[in-house]
Each structure stands twice: as structure tokens, then as C-alpha cells.
Amino acid sequence: MEVNKQQSLPTRVFINDVDRYSSKHIAKFLATFVAGESSEEGEAEDTLASPGGEPAFQVVGTVSASTKEEKESFLLEQYKSPTRDELLERMLECDVVVYNISETASRQQVEEASWALTALQAEMENFKSQKLFILVSTVMTWAMTKPQNPDETDVVLSEEEYIRRRPHLSFRHHHNLEKLVLKLHGGKKSKLKGYVVASGLQYGKGENLFHYFFKVSWLMQFPKVPLFGRGTNYIPMIHVNDLGGVIQNIIEVKPKLKSKYILAVDDSKNTLEEIVKMTSYTLGSGDINILPEEEAIAMKAFQPEELQFLSIDLRLEAFMIKDVFNLHWTSEAGMVENMRSIVREYKDTRQLLPIRICVVGPPAVGKTTVAEKLCIHYQIHHIKIKEVIEEKITQLNETVDSADLVSEEVGAAAQKQLETLNKSMEMNAGRLADHLVFEILQEKLNSKPCSNQGFVLDGFPKTYEQARLIFSEGVAENDDVSLKTPVYDKKITPEHVFALNASDDFLKERAQGLPQSVAEEMRYTQEEFTARLRRYRQRSSAEETLLDYFDEIEIHPEHIEVTAGDPENTGVMKKIIKIVGAPKNFGLSPEEQEVESRNKEEGRRLKLAAEAADKKRRNEAALAEMAARYEEWRNNLSEVRRQEQELLEARCLPLRNYLMKYVMPSLSEAMLECSKIKPEDPVDFLAEHLLSYNQEEQQ
């Protein structure tokens, strides 16, 4: 019973650096693998089975200190920059230890893996059951291997020749670690069993090493995708899921092999040029531009270490994973043969999904303004039917004029199409026949830029019939639409339709507010605008309208009212963005992030400077106001004192006159007498003198 209970438990697997591309996808593959899916009955040695439908493995792993992401749902536990003691404790809790050193030439990662192997060997006697140590290395340890016969070319090496392998100079430490793992005793009684998996360059699931080629092709940044170096070197590769399958087979099968060295590559024998060409063809223009290898550094496309990987030139053949393992391949034939599925996987993993929008509404409602803002926000393409037609005619003229640079067949086809367009415009007073317009528009919507990033259709189509002929699959102009529900082409049909609405008075007022030159250019003069608005209202009230078509295919239009209170369409944009969601495009590049960071810092600095200047200005204004008030107060005080003095003088005048007339003459005479006589008591003398003078005056 105890044995059965033990066997029912999932195998616990430790993987280092599960926040890196390779280890992350290996961990996800193992964590989501259901026991019994690939192992054939009787092949496994001590296979640990789980109940049907339950994961066969519990995966734990380390992440770097700089990671900001939450723990992935497929991980049981993750350890952020553990100490070596903590790391050893976690590894001892596991049945399998996988150390992945395949993505980098970093010596630090190799040293950590070497320490882990040594530490586990030291604890081996204390193991309760056998543990596996799987080293995921790289074919870069084969990079300098020469054929046994120097005269032979196009030699294919197999894992049986692993003893002759010679590493790239930057991967000598990887080579030495491989040898240490192979020295582990692999008998039944051994408590620690080791395997080396030499992985080809990994691809798939959003890409890592080949991401630059995919991104440039998807964005169509250049007319031709850059290829650095001659590109004639053969690159051994493997899909990252297939690498996960190899590791899963090792854990389950524990193959009894004379050599524990396993080569993990797919069947492809493709050159770098073939890989880049197919990437460009599937995602972009289909053309490549061969540049010197040094340009990769100058363009910041690759780091020197990545160029070392891309410069490998080997053709390898893996027999063990075919003869011994029961591997359910994701991409056995390789990247080039499976490019379409790899591209779908790339888009799904990175959420690079096209956003297709149609904006309709009456004239002057703001369709073009909103469409332009949406294109900037979502980094998608603005489709205006007039410009699309002009672009097509220009393109055909350029092809015809450069007949020497294109094939005769291409030149003749362009000439014929141009003649058809010109003839149609002659017969229709300068306008193209509807079916030709629809063909040109369909070609534009199916183009790589629109297929990759998406588009905003600006005010077109206008009617139910136009929409049916453009978007419905396998529909001719004379088809009876009542016979079946429309089957539409999902690759070119908008997934969001926004109908902008506004009152006639508002629209007329907006059109009348435009300068005359702008109104004439946009055909918004009073007479033209009134006729256009009337035609739009007639189409909107028809038995079958454009919006009815989208309703029938269950793409229900959103109606948004445009008002005078939102001249910049801010409210309209918020509503649309809320419905459409976040951009599904590449984020900013490191250079763009740096520029944005500098701009934000400059903006913050300018804001602080402006705030400081404003504060200084307010302080100076306050001080100036205080000084002015103080000066005004001083002036007012002086004026008050002057007025008080004048008032005092005015009040003192009668008394002064009285004293001068009645007091001062007798007092002056008394003081003169006092000065002459100089009595001992002058005050008493003055009093007697004034008294006698007063008596004389009375007599």
C-alpha cells in the first residue's frame, strides 16, 4: 500500500531560472503534462504515474532578484535569489534537478550548476530514493568539431561522436561541466543519476534568439529584413516544447544507455538565410538585406553573445530521441517547414493580435479625427478609401516605370491592371467602378501591415451592399443574400464598429465654423454639406443599412453621441478605448523607453522649475504688494500728522491773539524791569509788578 501511495504522487522537479525564456517554457511544459500521455507501456523504468488527468510533475524553480512578475500559475513554488544553503535544501526536496545553461555563455550560471552537482553528490548517501540530475547544455559545445576526414564536406555529425566534440571558445566551461555530469555513476544502486542534453538553438513560444527577425518582419520597419553575415551557416535547432518533451521522456523513461549524452535537435538542416527569408515571407515583405555582421551591433539588433549562437555552422543528427523516446513533436521538421504555425504561436504568446475598427457617421461628426487618434494609440493603419486608391495607382505606375527591375510577368500584370483602372475612370467621370474599389480595398486589408497590426476604416463602406461585397466570403454582386446568413472573412472584417451620432444643427454649425479654404477642400461648403448630410440620413433610414449588415454577422455597432462640450473628442476616445481594450502591439523598444524616460524626466524638471518660478513670482508679488501697502501707510500717516498740525495751529490762533493783546505787553514790561533790578525772588517780583499794573489799569 505504501508503495502504491508513493507511486501516485507527482514527481517533484526543480528547474533553475524559470523567469528566463527556455527554463520558463520547459517548466510550463512539464507542469501541464499529464502522466501517461507519451510513455509507452513497459518502456519506463520506475515510472511515477499520477491519476488520470492530473499533472505528472510538480515544478519549482528559482527566479532572479530583478524579476517583478508574480509567480506563474504553473509553478508550485518559486524562490527569489536564494542563498546556497536554501537552494540546496530546496533541491533535496525534489526528485529531479534540471539545470539549464543553454541560453548563455555566462560563467556564473555554469559555476552555480557545478556547485549544485557537487553539493548533491556530497548529500548523496542521505537520499531516500534515486534522484536525477539533468544538465540542459547547448550545441555550442560542438561548434568547433571538425569532420574525421578533412576532405569531406556537408558532413552530418551524430550524438555517437560526442567524445570528439570541440566547444566554441566561449563555451569551454559548458563543455567541462558536461564531462562532470557524464562521470556520475549510472548504476541502479547509484543515488544520483545524470544526463546531459545538448540542445539545439531554441525557437517557438514567442521566440528569444530569433525574436529580432520576427519583430522586424511583423512591424515591417524596413523594406527588407536585415540578415547579418552571409547566412550560409547551418543552424541546429529545436522547438522549446520539444526540448521540454525530451526532458519529460528522460524523467519518465530513465533510458538505460551506454552514454548519457543526448542530442536534442529537430530534423531540419536549414541555413540562417533560409530561416530569415521564411520569417520575412510569412510575416513581412518577403525580402532580406544581407549586411555585415558588425552592423548587428551598430543597429543594436543583437548582443555579441547572441551573434556567437547565430554563427554556429553544424549539421547534427539525433537518433536517441527518435529510437528510444516516445516524443510527440511540436515541430519535428523544423522552423522553416512549420513557419506558419510558429508565427501563430508567436502572435498568440506575445498577444500581437490585429485590431480592426470601423468608424462611421455623418459628415463633420469627427470620424477622421477619431480614426487618426485611434491609429496613434493602437499603432495601426488609417484606411481612407481615396488614399488607398491613389496609393494603388501610384504603385502600379512605379511598377510599370521600373519594368527593368521586375519580372516580365509582374510588369505585364501591373500594366494590364493600370489600363483597367484608367478605362474605368474614363467611363465613370473620374470615378472607379465599385467592384474595382472593393478589390483594391480587399487587397489593402489583406496586406501584411493590416494583417499584422490592424486598421481603422474611416467612413467606408457606406451601405449594406458595399459591406456585403467587401467582407462576405464567396459572394458575387448578383447573389441572393436572402438565401443564407452572411459568411464573412474574419481576416479583413472589422471586429469593432463605432457609429458616431450628432444632431443636424450641431453638424451644420461645426461645418460653418471652418475656414472657407478648409471647407472647400473637405467639400463642406453649405451646398455640398447639406447634400452630403441628406444622403447620409437617407442611407441610415434605408430598409437595409450598413449597421444592419454588422448586426447580422453579430458584430454589433456601438453608438456614441458627439456633443459640443467635447471638441477634442476626449470622451469619445475614452469610450472607444474602454470597449476595444489595451493595445495589442509591441511595447516601446529600449531606446524608445530611454527617450520616454528622458522626456518624462525633462517634463518633471520643467514642471518643478515652472512651479518654483511661479512660487518665486507669487512671493515677489506678495512682497511688492506689502511694500506698496507700507509706503501707502507711511504717506497716509504723514498726511494725517500734517492735517493734525494744521488743525492744532488753527485751534491755537484765537488764544495766541488774546495773549499778544492782553498778556504779553504787561508781561514783557515786567520782565524788562525784572532784568534791570535783578531781585532775589524774580517770580515774586513779577507777580507784584503785574498786580500793581493791574490796579493802575483799573483806576
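Quick caveat: nothing in here was measured; it's all calculated off a predicted structure. Just so you know, the residues in each chain are numbered from 1, in the order the chain's sequence is written. Owing to the predicted nature of the model, reporting of local features is limited to residues with pLDDT of at least 70; listing and counting of side-chain atom pairs is limited to 80 or more, with chain, interface and lining totals taken over all residues. Note: side-chain values were computed over all heavy atoms of the structure, leaving out hydrogens and water.

1. Some words on the overall build of the protein chain
What counts here: The numbering of helices and of strands both runs from the N terminus, where a helix is a DSSP run of H or I of at least 4 residues and a strand a run of E of at least 2. A radius of gyration in this sense is built from C-alpha atoms; the matching globule rule multiplies 2.2 Å by the number of residues raised to 0.38. Partly exposed describes any residue whose relative accessible area lies between the buried limit of under 20% and the exposed limit of over 50%, with all areas from a 1.4 Å probe on protein chains only and scaled to the type maximum. By the convention used here, residues are in contact when the closest approach between their heavy atoms is within 4.5 Å. Note on areas: these come from Shrake-Rupley sampling with a 1.4 Å probe, and a residue is covered only by the protein chains present in the view. Just so you know, the count uses Lys and Arg for positive and Asp and Glu for negative, and it drops His and the chain ends. To locate a charge, the coordinates of NZ of Lys, CZ of Arg, CG of Asp or CD of Glu are taken.
Broken down by element type, the protein chain carries 25 helices and 18 strands. Taken over C-alpha atoms, the radius of gyration comes to 45 Å for the protein chain, far larger than the 27 Å a tight globule of 699 residues would show. Projected onto its principal axes, the C-alpha positions of the protein chain cover 165 × 90 × 60 Å. Burial statistics for the protein chain: of 699 residues in total, 42% are counted as buried. By sequence separation, contacts in the protein chain at least 24 residues apart represent 77% of the contacts at least 6 residues apart. Accessible surface, the protein chain as shown: approximately 39600 Å² in total, 50% of it carbon and sulfur. Once the 87 positive and 114 negative side-chain charges of the protein chain are each reduced to a mean point, those two points are 3 Å apart.

2. Thoughts on the sheet that holds strand S17 (residues 496-501)
Adjacent strands of a sheet form backbone hydrogen bonds with each other and so pair up, either parallel or antiparallel. Stated formally: Between any two strands, pairing holds if DSSP finds at least two bridges. Here, axes are lines fitted to C-alpha atoms. For helices the fit covers the stretch in contact, and angles between N-to-C directions go from 0 to 180 degrees.
An order of S15-S16-S14-S17-S18 is seen for the 5 strands of this open sheet, with the pairing classed as parallel. The open sheet terminates on both sides in strands that have one partner only, identified here as strand S15 (381-383) and strand S18 (558-561). Sheet twist, expressed as the mean angle between neighbouring strand axes with direction ignored, is 20°. Both strand S14 (residues 355-360) and S17 contribute to a ladder of 4 bridges, which runs parallel. Its bridge partner lying in S17, Ile357 is registered against His496. Running at roughly 160° to S17, helix H23 (residues 570-580) makes contact with S14, S17 and S18 of the sheet.

3. A few points about the confidence of the model for the protein chain
Going by this rule: The predictor attaches a confidence to each residue, called pLDDT, with possible values from 0 through 100.
Here the protein chain shows a mean pLDDT of 87. Residues at 70 or above account for 92%. Overall, residues 1-6 carries pLDDT values under 50, and its contacts beyond four positions in sequence, including any with other chains, amount to 0 contacts. This model gives residues 38-51 a pLDDT under 50, and the stretch forms 33 contacts once residues within four places in sequence are excluded.

4. Details of the nonpolar core
Note the threshold: To form a nonpolar core, buried Ala, Val, Leu, Ile, Met, Phe, Trp, Tyr and Cys residues must be joined to one another through side-chain atoms within 4.5 Å.
In terms of nonpolar packing, the biggest core is built from 110 residues, with Met91, Tyr99, Phe133, Phe210 and Val246 touching the most fellow members. Examining the composition of this core, we find that 7 residues originate from one element, helix H4 (residues 107-122), more than from any other. The residues contacting Met91, other than those within four sequence positions of it, are Phe14, Val97, Tyr99, Trp115, Ala116, Leu120 and Lys131. Within the second largest apolar cluster, 36 residues are counted, among which are Leu396, Tyr464, Phe471 and Leu547.

5. Section: the state of the cysteines
A covalent bond between the sulfur atoms of two cysteines is referred to as a disulfide. Filter applied, for reference: In this description, the term disulfide denotes a pair of cysteine sulfurs within 2.5 Å.
According to the stated counting rule, one finds 0 disulfides in the structure shown. Cysteine Cys450 is unpaired, with the sulfur of Cys375 as its nearest cysteine sulfur at 9.5 Å.

6. Considerations on a nonpolar patch on the surface
To keep it simple, the criterion reads: Residues qualify for a patch when their relative accessible area is over 30% and they have no salt bridge, like charges being joined within 9 Å and the nonpolar side chains of Val, Leu, Ile, Met, Phe, Trp and Tyr within 5 Å. In the sections that follow, a salt bridge refers to a side-chain nitrogen of Lys or Arg positioned within 4 Å of a carboxyl oxygen of Asp or Glu.
Together, Leu655, Tyr658, Leu659, Met660, Tyr662 and Met664 line one region of the surface with nonpolar side chains, adding up to about 630 Å² of accessible area. Turning to its location among the elements, Tyr658 is positioned in helix H24 (residues 590-677). Overall, the relative accessible area of 46% leaves Tyr658 in the partly exposed class.

7. A few points about the sheet that holds strand S7 (residues 192-199)
Across the sheet, 7 strands lie side by side as S3-S2-S1-S4-S5-S7-S11; this open sheet has parallel pairing. Strands with a single pairing partner mark the edges of an open sheet, and in this sheet they are strand S3 (77-80) and strand S11 (261-264). Adjacent strand axes in the sheet meet at a mean angle of 20°, parallel and antiparallel pairs treated alike. Relative to strand S4 (residues 96-100), strand S1 (residues 11-15) runs parallel, the two sharing 3 bridges.

8. Quick look at the side chain of Glu207
What counts, and what does not: Two N or O atoms form a polar contact when they lie within 3.5 Å of each other; inside protein one atom must be a possible hydrogen donor and the other a possible acceptor, and for residues adjacent in sequence the pair counts only when both atoms belong to side chains.
Positionally, Glu207 belongs in the loop between strand S8 (201-203) and helix H6 (211-219). One buried charge, Glu207, has no salt-bridge partner; the nearest side chain with opposite charge is Arg350, at 7.8 Å. Of the polar contacts made by the side chain of Glu207, one reaches the backbone nitrogen of Gly204; its length is 2.8 Å. With near-sequence residues (within four places) excluded, Glu207 lies in contact with Tyr21, Phe214, Met335, Ile342, Tyr346 and Arg350.

9. Here's the deal with helix H8 (residues 272-283)
Rules: The span expected for a helix works out to 1.5 Å for each residue beyond the first.
End to end, H8 covers 16 Å across 12 residues, agreeing with the expected 16 Å (1.5 Å per residue, within 8%). Listed in full, the buried residues belonging to H8 are Leu272, Ile275, Val276, Thr279, Ser280, Thr282 and Leu283.

10. Side note on the packing of helix H14 (residues 385-401) against helix H15 (residues 408-427)
The description of two packed helices rests on the angle between their axes and on the distance between the axes. Stated precisely, the cut-off is as follows: Every angle not falling under 35 degrees, over 145, or within 65 to 115 is termed oblique; those three ranges are roughly parallel, roughly antiparallel and roughly perpendicular. With the far helix as reference, a near helix turned anticlockwise by less than a right angle produces a left-handed crossing, and one turned clockwise produces a right-handed crossing. Residues are grouped as follows: Ala, Val, Leu, Ile, Met, Phe, Trp, Tyr, Cys and Pro are nonpolar; Asp, Glu, Lys and Arg are charged; all remaining types, including Gly, are polar.
Running from amino to carboxyl end, H14 crosses H15 at an angle of 135°, the nearest separation of the two axes being 9 Å. In this view, H14 runs oblique relative to H15, as classed from their interaxial angle. Considering how the two elements wind past one another, H14 and H15 form a crossing that is left-handed. Where H14 approaches H15, its residues Lys392, Ile393, Leu396, Asn397, Thr399 and Val400 are matched on the opposing element by Val410, Ala414, Gln415, Gln417, Leu418, Leu421 and Met425. Along the lines of polarity and charge, the residues of the contact of H14 with H15 split into 8 nonpolar, 4 polar and 1 charged.

11. Comments concerning helix H19 (residues 504-512)
For clarity, the threshold we go by: The reported arc concerns the directions from the helix axis to the C-beta atoms and nothing else.
Taken residue by residue, H19 has Phe506, Leu507 and Ala511 as its buried positions. What you see down the axis of H19 is that its buried residues fit within an arc of 130°, all on one side. With respect to the buried face of H19, the exposed residues turned more than 90 degrees away are Asp505, Glu509 and Gln512. Residues of H19 that are buried make contact with helix H21 (526-540).

12. Some remarks on the layout of surface pockets
Just so we agree on the cut-off: With a 1 Å grid spanning the protein atoms alone, the term cavity applies to any set of points in which a 1.4 Å probe fits but cannot get out, the term pocket to an open set with protein on both sides within 12 Å along at least five of seven lines, and the term lining residue to any residue with an atom within 4 Å of a point. Grid points are joined across faces, edges and corners, and a volume is the space filled by probe spheres set on the points.
Estimates place the volume of the largest pocket at around 2000 Å³. Surrounding the largest pocket, 46 residues form its lining, Ile385, Lys386, Lys462, Arg523 and Arg532 being those nearest its centre. Put simply, the parts of the chain that give the lining of the largest pocket at least two residues each are helix H13 (367-378), H14, helix H16 (434-445), H21 and helix H22 (546-552). Per element, the largest residue contribution to the lining of the largest pocket is 6 residues, and it comes from H14.

13. Quick notes on the packing of H19 against H21
Between H19 and H21, whose axes approach to 11 Å, the crossing angle comes to 150°. Taken together, H19 and H21 sit at an angle that is classed as roughly antiparallel. When you trace H19 past H21, the crossing you get is right-handed. Listed contacts from H21 to Asp504, Leu507, Lys508 and Ala511 of H19 are Phe529, Leu533 and Arg537. Here the contact of H19 with H21 is built from residues that sort into 4 nonpolar, no polar and 3 charged.

14. What to know about the packing of aromatic side chains
Using the following cut-off: Pairing of aromatic rings covers Phe, Tyr and Trp, the last through its six-membered ring, and needs centres within 6.5 Å; plane angles under 30 degrees mean stacked, over 60 mean edge-to-face, and all others mean tilted.
The final tally for this structure, using the stated rule, is 18 aromatic pairs. Taken together, a centroid distance of 4.9 Å and an interplanar angle of 45° make the contact between Phe214 and Tyr346 tilted. Here Phe214, found in helix H6, pairs with Tyr346, found in helix H12 (residues 339-350); they are 132 residues apart in sequence, far enough to count as distant. Here Phe214 matches Tyr346 in class, with each residue buried. An aromatic cluster of three or more residues is present, and its members are Tyr212, Phe213, Phe228 and Phe302.

15. A closer look at empty space enclosed by the protein
Inspection of the entire model under this criterion finds 2 cavities of 30 Å³ or more. There is about 60 Å³ of room inside the largest cavity. Residue lining of the largest cavity: Val18, Asp19, Val63, Thr67, Glu69, Glu70, Glu72, Leu75 and Gln78, and that is the complete set. Taken together, the residues of the lining of the largest cavity break down into 3 nonpolar, 2 polar and 4 charged. Of the voids in this model, the second largest cavity is the one considered here, and its volume is about 40 Å³. For the lining of the second largest cavity, the class distribution of residues is 7 nonpolar, 2 polar and 3 charged.

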